[in-house]
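# Chains, contacts and geometry: an overview
Read off the chains here:
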Amino acid sequence: MAKERRFSTIDINLSSFLELNGLHASLELIKGKVVFVFPANDTLYKLLEAYNSNSPVPVGDFVTRLKILRGQMLTMRGQR
């Protein structure tokens, strides 16, 4: 059985953009840092290109997603 490829980042802004566009992160605590982990697939790579190309986003929705992820991150850090 092949292991699923994964993409990991500590960039909360990128993670918010990916979540806003339909990918959902699992959060992992690694050496005291929260890491956002996404499945590595074609959709991810297209969204990474869009993010790096400064693709427009609905700002209110982006900020809401950012606040949600920040809350999850802080909660996870507090559980050490």
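Here goes a summary of the coordinates provided. Because the structure is a prediction, the values reported are computed rather than measured. Sequence order as written defines the numbering, with residues in each chain counted from 1. It should be noted that, the model being predicted, local features are given only for residues of pLDDT at least 70 and side-chain atom pairs only at 80 or more, the latter also being counted only at that level, while totals for whole chains, interfaces and linings use all residues. Side-chain calculation: all heavy atoms of the structure are included, whereas hydrogens and water are not.

With that settled, consider the packing of aromatic side chains. Each aromatic pair joins two rings of Phe, Tyr and Trp (for Trp, the six-membered one) with centres within 6.5 Å, and gets the label stacked for planes under 30 degrees apart, edge-to-face for over 60, and tilted for any other angle. A full pass over the atoms with the stated rule returns 1 aromatic pair. For the ring pair F17 and Y51, a centre distance of 5.4 Å and an interplane angle of 55° mean the geometry is tilted. Of this pair, F17 sits in helix α1 (residues 12–20) while Y51 sits in helix α2 (residues 42–52), placing them 34 residues apart in sequence. Every helix listed is a DSSP run of H or I at least four residues long, and every strand listed is a run of E at least two residues long, numbered separately from the N terminus.

One side-chain nitrogen of Lys or Arg within 4 Å of one carboxyl oxygen of Asp or Glu is enough to make a salt bridge. The final tally for this structure, using the stated rule, is 2 salt bridges. A salt bridge links R6 to E28, with the shortest nitrogen-to-oxygen separation between them at 2.9 Å. Taken as a pair, R6 in strand β1 (residues 6–9) and E28 in strand β2 (residues 26–30) lie far apart in primary sequence, 22 residues in all. The partner of R65 in a salt bridge is E19, with the nearest N and O atoms 2.8 Å apart. Placement of R65 in helix α3 (residues 59–78) and of E19 in helix α1 is noted, with a sequence separation of 46 residues between them. Its relative accessible area of 22% is what places R65 among the partly exposed residues. On the basis of relative accessibility, which here comes to 9%, the residue E19 falls in the buried class. Relative accessibility decides the category of a residue: with a 1.4 Å probe and only protein chains considered, values under 20% of the type maximum give buried, values over 50% give exposed, and everything between is partly exposed.

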